Amino acid sequence: GMEVQYLYPGIKIIEKPAIFYYQTEINQLLSLIVNTFYRKKEIFLRELISNSSDALDKVRYISISEPSILNDEPDFYIHIIPSKANNSLTVADSGVGMSKMDLINNIGTIARSGTKRFIEALQQGTDLSLIGQFGVGFYASYLVSVKIIIYTKTTYDHYYAWESLTGGSYSITRIGPIKNFGRGTRVCIFLKDDQLEFLEERRIREIVKKHSEFISYPIALEVEKIIEKDVVDGENKNEVVVEGKSDIKTQPKRIKEVKKELEILNKQKPIWMKRIQDITEEEYISFYKTITNDWEEYLSKKHFIVEGQVDFKAILFIPKRAPFDLFDARKKSNNIKLYVRRVFIMDNCQELLPDYLNFIKGIVDSEDLPLNISREALQQNKILKVIKKNLIKKVIEMLFELSCDNDDYGKFYEAFSKNLKLGVHEDSQNRSKFAELLRYRSSKCPDESVSFKEYISRCGTKQKNIYYIIGENVATIKKSPFIEKLISKNIEVLFMVDPMDEYCMQQLKEFEGYKLVCVTKEGFHLEEFDENERKKFDELVEQYADLCTVVKEIIGDKVEKVVLSERIEKSPACLVTGEYGWTANMERIMKAQALRDSSMSSYMESKKTLELNPYNKIIQELNRRIELDRTDKLIRDLSHLIFDITNIVSGFSIENPTNFSERISRILELGLNISNEKPYPKRNTYKKNGNIDYWNGLNSYLHKVD
């Protein structure tokens, strides 16, 4: 009654089965898969073939340094064997096989976080066909099966049978040798009654053509051929009596015999070996889907051949969307497959592209690298460095071509703009190229994206800077006091809302001779002032020098200095950060990070400068009062209030919200004339147009708050 003997009736059971239980995440995943109404169940076959292909890659890679591993089974193959006798479909390969520990680790537990993430992704509506990208493709078999048995043999261990049981468990049984099975894995899926289409030859061909045509090992299907032959049978004698003589004639009989044979389904040579002009778009799409497990088409591709100093062929693709874990350091990305003279060497060759281009998918086939190159040797390899340089160049070309199409580039930018910004930050050689690919909204185009080049094309003759502001979102930035003056002078300001922009701009500093100027940082001068304006402004600086000194004394260490502002037009003041420190936006983000290093913060939370606006009525009034009496307590109250309000408007947080709110309430009471306190005692000096001014006096009504 051993189920294991289903397919190989003569198998010896050497040790009795050990029962294991799935980890909870896997049980969760399986119940999700089993209970999902999912139409494209055929993906289970794609995933099994893909796993077989990986297992063959592994054994081929090992065989380069240990040729003896091929002794048990010299051929590389993937066989698909349907059996209508017991409704089973077997996918057999001569890959690396699994040891007992491999069976437990790869199937029963999750050494990788893929399962958990895939469950989360499914719950958020991700397409189930993405299962392979999470490294858990095997479980797709549960879409169609009532039972699964895996037979496996690795060079370093015995033969084992793994079997799925009900109730979240499975068994592993050590078995005796199986004939004609020297190494590899055979996954036998016993199909549910309503899934028997997957035994049909036509259906299997169609699935393999659609999903696995570009797997680089032969995939053979066991087909039944009906052969007719003539058999001469001893009992089949017709006696014909002719004229009394008995003549015995033997007549042959035609019989039909069913013969099984393997037929290879993926005959074509690797796509990159064909002439570029002979490859159809459909072939590229099918190839892309095979190497990436993506269910969508790519956004753009580049197929090219490099000859000369090094010889190689490559096809590179940009996907339509970012994978769920693009910036997850723990994940090994599977991006560029490296071949040497058509032989697959490795997935995920990190030496071929820098990290910031980790979204590019594709293959490289080199004519010059040694076949037995190890991962370690790759890092030093000169040929590889040349290939890498060429690939970066081609990716940049591809991006520039893409940037001519606004719709497609918009999609690309939404998914991968962070990668471009990392490129600006990390790649000094190509920095200006990546900078050219950046796009921002701006004060003149709040709804479209603007490149630095377009910005420059709109600059006036005097303008030598590219002005930008960094904030949380466009709506807030649009109303920012920092850009008032620039807007009124019809100077465009770029709006940046991605935290990465800040790092990016620290590296970029200038673009095609134009200095990049952050309008919220110190050292901002309007180059666009004419002589006359400059002279007027210098006079104002003198008139307001005292006010700046007094306000600095009142606010104390919270600001580095207090100066007059060239950048604001309406608001009373703005708070400016140091040229090399964080902007308000970065400070907000850093404060929100629970595990941040606070010593770094105090260093980067830059010293701020309070800039006052000499054209604002409140500031003008303050200045008038200082000239009359610099000990006037009202000046102190208003300085604090202005400082707090300015903090908020400039994107910072207030240190003491309670004080702030009390001050505001008192001002409201005064303004509404409902204060219980006596108004400030009358001071004749302050009679303004015959009205008594309540803002003043010894009682210094607001002063109580501090």
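For the structure, check the block above.
Source: prediction; values computed, not measured.

Novice: How do you make sense of the overall build of the protein when you look at a structure like this?
Specialist: Per the secondary structure count, the protein includes 21 helices and 24 strands. Scored against the burial criterion, the 706 residues of the protein give a buried share of 50%. Contacts in the protein between residues at least 24 apart in sequence constitute 72% of all its contacts with a sequence separation of at least 6.

Novice: Even after reading the chapter, I still don't get the nonpolar core, so can you show me in this structure?
Specialist: Inside soluble globular proteins, nonpolar side chains tend to come together where they are buried. I318, I360, L391, F412, F452, Y467 and M505 are the most contacted members of the largest nonpolar core, which totals 81 residues. Broken down by element, this core gets its largest block of residues, ten residues, from helix α8 (residues 382-402).

Novice: Even after reading the chapter, I still don't get helix α4 (residues 114-123), so can you show me in this structure?
Specialist: Because an α-helix packs 3.6 residues into every turn, residues spaced three or four apart end up facing the same way. Most of α4 is tucked away: seven of the ten residues are buried. Listed as buried for α4 are G114, T115, R117, F118, I119, A121 and L122. Looking at the buried residues of α4, the elements they touch are α1 (24-35).

Novice: For this particular structure, what's the right way to read the sheet that holds strand β14 (residues 336-340)?
Specialist: Strands pair in a sheet through their backbones, by hydrogen bonds, and they do so in one of two ways: parallel or antiparallel. Read from one edge to the other, the open sheet built from five strands follows the order β12-β13-β16-β14-β15, with strand pairing classed as mixed. Single-partner strands in this sheet number two, and they are β12 (300-306) and β15 (343-346). Each neighbouring strand pair of the sheet contributes to a mean axis angle of 20°, computed without reference to strand direction. Examined bridge by bridge, β12 and strand β13 (residues 312-318) share seven bridges and lie antiparallel to one another.

Novice: Sorry, what's going on with the pattern of salt bridges here?
Specialist: As a working rule, side chains carrying opposite charge can pair if their charged atoms are close by. Counted under the stated rule, the structure contains 38 salt bridges. Linking R174 and E15 is a salt bridge whose minimum nitrogen-to-oxygen distance equals 3.6 Å. With R174 in strand β6 (residues 169-175) and E15 in the segment before β1 (18-21), the pair connects residues that are 159 residues apart, well separated along the chain. With its nearest N and O atoms 3.0 Å apart, the salt bridge here joins K302 to E401. Placement of K302 in strand β12 and of E401 in helix α8 is noted, with a sequence separation of 99 residues between them. The class for E401 is partly exposed, based on a relative accessible area of 46%.

Novice: Sorry, what's going on with the pairing of strand β2 (residues 78-83) here?
Specialist: Regular strands show a simple pattern: their side chains alternate between the two faces of the sheet. A large share of β2 lies buried, amounting to five of its six residues. Bridge count for β2 against strand β3 (residues 88-93) is six bridges, and the pairing is antiparallel. Within the sheet, the bridge partner assigned to S83 lies in β3 and is S88. Joining the antiparallel neighbours β2 and β3 is a turn of four residues, in which N87 adopts a positive phi near 50°.

Novice: What exactly am I supposed to notice about the sheet that holds strand β8 (residues 219-231) here?
Specialist: Here we have nine strands laid out as an open sheet, ordered β1-β6-β5-β4-β7-β3-β2-β8-β11, and mixed in their pairing. Bordering the open sheet on either side are β1 and β11 (253-264), each of which pairs with just one other strand. For this sheet, the mean angle separating the axes of adjacent strands, direction not counted, is 20°. Contacts from helix α2 (residues 43-65) reach β2, β3, β7 (184-191) and β8, with the element oriented near 20° to β3. Docked against the sheet, helix α5 (residues 201-212) engages β2, β3, β8 and β11, running at close to 150° with respect to β8.

Novice: Just checking my understanding: could you explain unusual backbone geometry for this structure?
Specialist: Positioned with a positive phi, N490 is a non-glycine residue whose angle comes to about 60°. With respect to the secondary-structure elements, N490 resides in the loop between α13 (484-488) and β19 (493-496). Look at N490 and you get exposed, because its relative accessible area is 55%. Non-glycine residue K509 carries a positive phi angle of around 60°. One can find K509 in the loop between α14 (499-508) and β20 (510-511).

Novice: Looking at this model, I keep getting lost on helix α19 (residues 617-628). Mind explaining?
Specialist: Helix length check: α19, at twelve residues, gives a terminal C-alpha distance of 17 Å against a target of 16 Å (1.5 Å per residue), a fit within 8%. Along α19, the residues that are buried comprise I619, E621, L622, N623, R625 and I626. On its buried side, α19 packs onto α15 (531-543), α16 (545-555), β24 (608-612) and α20 (633-649). At the N-terminal end of α19, a side-chain oxygen is found 2.8 Å from the backbone nitrogen of I618, two or three residues along, and the residue is N616.

Novice: Would you mind going over the side chain of S442 with me for this structure?
Specialist: For S442, the location among the structural elements is in strand β17 (residues 441-442). Here the side chain of S442 touches C445 through a polar contact of 3.0 Å, landing on its backbone nitrogen. For S442, the side chain forms a polar contact with the side chain of E492, separated by 2.6 Å. The contacts of S442, once residues within four sequence positions are left out, are V450, E492, V493, L494 and F495.

Novice: Just checking my understanding: could you explain the packing of α16 against α19 for this structure?
Specialist: Packed helix pairs are specified by the crossing angle of their axes together with the interaxial distance, meaning the distance between the axes. At a closest axis distance of 9 Å, the pairing of α16 and α19 adopts a crossing angle of 90°. Judged by the inter-axis angle, α16 sits roughly perpendicular to α19. Across the interface between the two elements, D546, L547 and V550 from α16 touch I619, L622, N623 and I626 from α19.

Novice: Honestly, a nonpolar patch on the surface in this entry has me stumped. Any pointers?
Specialist: Nonpolar side chains collect at one region of the surface, where I19, Y21 and L165 lie side by side and expose about 310 Å² of accessible area between them. Relative to the helices and strands, Y21 resides in strand β1.

Novice: Any chance you could explain the environment of D408 here in plain terms?
Specialist: In this structure, D408 sits in helix α9 (residues 406-426). When the C-alpha positions of D408 and S300 are compared, they lie 8.9 Å apart, and in sequence the two are 108 residues distant. The residues contacting D408, other than those within four sequence positions of it, are L299 and L402.

Novice: What's the story with the packing of α1 against α4 in this structure? I'm lost.
Specialist: Across the interface, α1 lies against α4 with an axial gap of 9 Å and an inter-helix angle of 35°. Every pair of crossing elements has a handedness; the one defined by α1 and α4 is left-handed. On α4, the residues touching E25, I26, Q28, L29 and L32 of α1 are T115, K116, F118, I119 and L122. Classifying every residue of the contact of α1 with α4 by side-chain character gives six nonpolar, two polar and two charged.

Novice: What am I meant to see in the pairing of β3 here?
Specialist: Of all six residues in β3, six are buried, a share of seventy percent or more. Both faces of β3 are covered, namely the face carrying S88, T90 and A92 and the face carrying L89, V91 and D93. Alignment of β3 against β7, held across six bridges, turns out to be antiparallel. The residue of β7 that forms the bridge with A92 is R186.

Novice: Mind showing me how you'd approach the environment of I49 here?
Specialist: Its place among the elements puts I49 in helix α2. A residue is classified by how much of its surface remains accessible, and I49, at 0% relative accessible area, is buried. As a C-alpha pair, I49 and S212 span 163 residues in sequence and 7.4 Å in three-dimensional space. Excluding its chain neighbours within four sequence positions, the residues that come into contact with I49 are I78, I80, V208, S212, I215 and I219.

Novice: Any chance you could explain the packing of aromatic side chains here in plain terms?
Specialist: Any pair of aromatic rings gets described here by the distance separating the centres and the angle formed by the planes. Overall, the coordinates contain 23 aromatic pairs when judged by the stated rule. Between the aromatic rings of W162 and Y170, the centroid separation amounts to 5.5 Å while the plane-to-plane angle is 25°, which identifies the pairing as stacked. Judged on exposure class, the residue W162 and its partner Y170 are both buried. Judged by centre distance (5.8 Å) and plane angle (55°), the rings of F359 and F412 are tilted. On the criterion of sequence distance, the pair formed by F359 in the loop between β15 and β16 (361-366) and F412 in helix α9 is long-range, its members being 53 residues apart. The buried category is assigned to F359, whose relative accessible area is 1%. One aromatic cluster in this structure is built from F20, Y22, F138, Y139, W162 and Y170. The side chain of K394 reaches across the aromatic face of F304, ending 5.1 Å from its centre.

Criteria and cut-off values
Residues numbered from 1 in each chain as written. Predicted model: local features only at pLDDT ≥ 70, side-chain atom pairs only at ≥ 80, totals over all residues. Heavy atoms only, no water. Helix = DSSP H or I, 4+ residues; strand = E, 2+ residues; numbered from the N terminus. Buried < 20%, exposed > 50% of the residue type's maximum accessible area, 1.4 Å probe, protein only. Contact = heavy atoms within 4.5 Å. Core = buried A, V, L, I, M, F, W, Y, C linked by side-chain atoms within 4.5 Å. Pairing = 2+ DSSP bridges. Axes fitted to C-alpha atoms, helices over the stretch in contact; angles between N-to-C directions. Salt bridge = Lys/Arg side-chain N within 4 Å of Asp/Glu carboxyl O. Expected span 1.5 Å × (residues − 1). Polar contact = N/O pair within 3.5 Å; in protein donor to acceptor, adjacent residues only side chain to side chain. Parallel < 35°, antiparallel > 145°, perpendicular 65-115°, else oblique. Patch = residues over 30% accessible without salt bridge, like charges linked within 9 Å, V, L, I, M, F, W, Y side chains within 5 Å. Areas by Shrake-Rupley, 256 points an atom, 1.4 Å probe, with all protein chains shown as cover. Left-handed = near helix turned anticlockwise from the far one by under 90°. Nonpolar A, V, L, I, M, F, W, Y, C, P; charged D, E, K, R; others polar. Phe/Tyr/Trp six-rings, centres within 6.5 Å; stacked < 30°, edge-to-face > 60°. Lys NZ or Arg CZ within 6 Å of the ring centre and 35° of its normal.

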